[in-house]
Amino acid sequence: MKLTRVPNWIRKSKSDRIWDFSVSSKSIFLTFDDGPQEEVTEWVLDLLDQENIQATFFCVGNNVALNPKIYQRILDSGHQVGNHSYTHPNAWKTPTEDYLKDVEKAKEVIQSNYFRPPYGKISNKIVKEVENMGMTTVMWSLLSYDFEQDLDVEKQLKNVLSKVEPGDVVVFHDSQKSFSNLKKMLPSFVKYVKDQGWSFSRID
Ligand SMILES: [Zn+2]
């Protein structure tokens, strides 16, 4: 069983970070982690353009340095960007000082008020330190699992669609690793949300 929806008790116990937004908004908050990457981020941007949707991209600093033009296109298209570290370290396996230096380095190439920890792993102390750098930590309420290599895409897509609600912050990945799953999931996800009469918003 995949933990597609983050349980309420976890969200309530960690209220120093954003998990979702008020359901009265009727908006879904699409987020894309791990880009910008060639081809896949461009494919996402094309789709969002076509559908007239704004989203939030949690970028890896090193990928921004490698793909500055794609990063600029994200900004020029009016999407939100967030800091997703420079080298994608795991906070539970990295000394805090090194971890924070990595986030600081990403800050030089990604101007944002938002931070999302790689792998969703973070400590209360790091949440506070990141806040001192001027960023709010953003988690998610719904996980697509598009990064899983042996994913039963049809089954997981149904699972995600049955669970999505207004106010949800949903995670997809604009990474090569996720691309084949993403291509199958994202267009159907967008169509479903629009069919419900809901809209999409960027995190602001
Ligand atoms: Zn990531």
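Just above, that's the structure.
Note that this is a predicted model, so its numbers are computed, not measured.

The rules behind each value
Here the residue index of a chain counts from 1 through its sequence in written order. In view of the model being predicted, local features appear only for residues whose pLDDT reaches at least 70, and side-chain atom pairs are presented and counted only at 80 or more, with totals across whole chains, interfaces and linings using the full set of residues. Here a strand is any run of E in DSSP of at least two residues, a helix any run of H or I of at least four, and the numbering for each starts at the N terminus. Radius of gyration here is computed from C-alpha atoms only, and the compact-globule reference equals 2.2 Å multiplied by the residue count raised to the power 0.38. Around each residue's C-beta, the other C-beta atoms within 10 Å are counted; 20 or more make the residue buried, 12 or fewer make it exposed, and counts in between make it partly exposed. All C-beta atoms are placed from the backbone. Contact between two residues is assigned when their C-beta atoms, built from the backbone, lie within 7 Å. Simply put, an axis is a line fit to the C-alpha atoms, just over the touching stretch for a helix, and the angle between two N-to-C directions goes from 0 to 180 degrees. In these notes the angle categories are as follows: under 35 degrees is roughly parallel, over 145 is roughly antiparallel, 65 to 115 is roughly perpendicular, and the rest is oblique. Under the grouping applied here, Gly and all other residues not named as nonpolar or charged are polar, the nonpolar ones being Ala, Val, Leu, Ile, Met, Phe, Trp, Tyr, Cys and Pro and the charged ones Asp, Glu, Lys and Arg. The span expected for a helix works out to 1.5 Å for each residue beyond the first. At any given residue, the bend is defined as the angle formed between two axes, one fitted to the seven residues that end at that position and one fitted to the seven that begin there. By arc we mean the arc of the directions from the helix axis to the C-beta atoms, nothing more. Any set of buried Ala, Val, Leu, Ile, Met, Phe, Trp, Tyr and Cys residues joined through C-beta atoms within 7 Å is what this text calls a nonpolar core. Handedness of each helix crossing follows the sense of rotation of the near helix against the far helix: counterclockwise by less than a right angle gives left-handed, clockwise gives right-handed. Pairing between strands is defined by DSSP: at least two bridges between the two strands are required. The crossover handedness rule: strands pointing away from the viewer, path from first strand over the helix to second strand clockwise, crossover right-handed.

Visitor: Can you break down the overall build of the protein chain residue by residue, with the values?
Guide: For the protein chain, the count of helices and strands is eight helices and eight strands. Over its C-alpha trace the protein chain gives a radius of gyration of 16 Å, about what one expects of a compact globule, namely 17 Å for 204 residues. In terms of overall dimensions, the protein chain has C-alpha extents of about 45 × 40 × 35 Å along its principal axes. The buried share among the 204 residues of the protein chain stands at 40%. Across the protein chain, the fraction of contacts at a sequence separation of at least 24, relative to all contacts at a separation of at least 6, is 80%.

Visitor: Pulling in residues and values, what's your account of the packing of helix 2 (residues 40–51) against helix 8 (residues 179–195)?
Guide: Where helix 2 contacts helix 8, the two axes come as close as 11 Å, and the packing angle between them is 10 degrees. It follows from the interaxial angle that helix 2 and helix 8 lie roughly parallel. Along the contact surface, helix 2 presents Val40, Leu47 and Glu51, while helix 8 presents Phe179, Leu182, Leu186, Pro187 and Val190. Counted by class, the contact of helix 2 with helix 8 contains seven nonpolar, no polar and one charged residues.

Visitor: Quick one: what's the story with unusual backbone geometry, residue by residue and with numbers?
Guide: Excluding glycine, residues mostly have negative phi values, and the peptide bonds linking residues are mostly trans. For the peptide bond that leads from Gly35 to Pro36, omega is -5 degrees, which places it in the cis range. Even without being a glycine, Ser85 presents a positive backbone phi close to 80 degrees. Within the secondary structure layout, Ser85 lies in the loop between strand 3 (80–83) and helix 5 (96–109). Backbone geometry at His88 places phi at a positive 60 degrees, although glycine is not the residue there. The topology assignment puts His88 in the loop between strand 3 and helix 5. With 17 C-beta atoms packed within 10 Å, His88 lands in the partly exposed category.

Visitor: Residue-level account of helix 8, with values.
Guide: In this model, helix 8 (17 residues) spans 24 Å end to end at C-alpha, consistent with the 24 Å of a helix rising 1.5 Å per residue. The sharpest bend along helix 8 comes to roughly 25 degrees, located at Met185, with the proline Pro187 sitting one to four residues further on. Looking at helix 8, one finds that the buried residues are Asn181, Leu182, Met185, Leu186, Phe189 and Val193. For helix 8, the secondary structure elements touched by its buried residues are strand 1 (27–33), helix 2, helix 7 (153–163), strand 7 (169–173) and strand 8 (199–200). Gly197 sits one or two residues past helix 8 and shows a positive phi near 85 degrees.

Visitor: Now, about helix 4 (residues 68–76): what can you tell me, with residues and values included?
Guide: Within helix 4, the full set of buried residues consists of Ile70, Tyr71 and Ile74. The arc enclosing the buried residues of helix 4, seen along the axis, measures out at 105 degrees, which places them on a common side. Helix 4 presents Pro68, Lys69, Gln72, Leu75 and Asp76 as exposed residues on the side facing more than 90 degrees away from its buried surface. On its buried face, helix 4 is in contact with helix 2, strand 2 (56–59), helix 3 (61–66) and strand 3.

Visitor: Requested: an account of the nonpolar core, with residues and values cited.
Guide: Counting residues in hydrophobic clusters, the biggest one holds 49 residues, and the most contacted among them are Phe57, Cys59, Trp140, Val170 and Phe172. Tallying contributions element by element places helix 8 first for this core, with five residues. Cys59 has contacts with Gly35, Pro36, Val64, Tyr71, Val81, His84 and Ile110, leaving out every residue within four places of it along the chain.

Visitor: Can you break down the packing of helix 5 against helix 6 (residues 124–132) residue by residue, with the values?
Guide: Packed helices, taken two at a time, are described by the angle their axes make and the gap between the axes. Two numbers describe how helix 5 lies on helix 6: the axes approach to 11 Å, and their chain directions differ by 35 degrees. Seen along the crossing, helix 5 lies across helix 6 with a hand that is right-handed. Residue-level contacts link Thr96, Tyr99, Leu100 and Val103 of helix 5 to Lys125, Ile126, Glu129 and Val130 of helix 6. Across the contact of helix 5 with helix 6, the residue classes tally to five nonpolar, one polar and two charged.

Visitor: Give a detailed account of the pairing of strand 1, specifying residues and quantitative values.
Guide: Summarising burial for strand 1: six of the seven residues are buried, a large majority. Summarising the sheet, strand 1 and strand 8 pair through two bridges and their orientation is parallel. Looking at the pairing, Ser27 lines up with Ser199 of strand 8. Examined bridge by bridge, strand 1 and strand 2 share three bridges and lie parallel to one another. Counted as the bridge partner of Phe32 is Phe57 from strand 2. Crossover connection from strand 1 via helix 2 to parallel strand 2: handedness right-handed.

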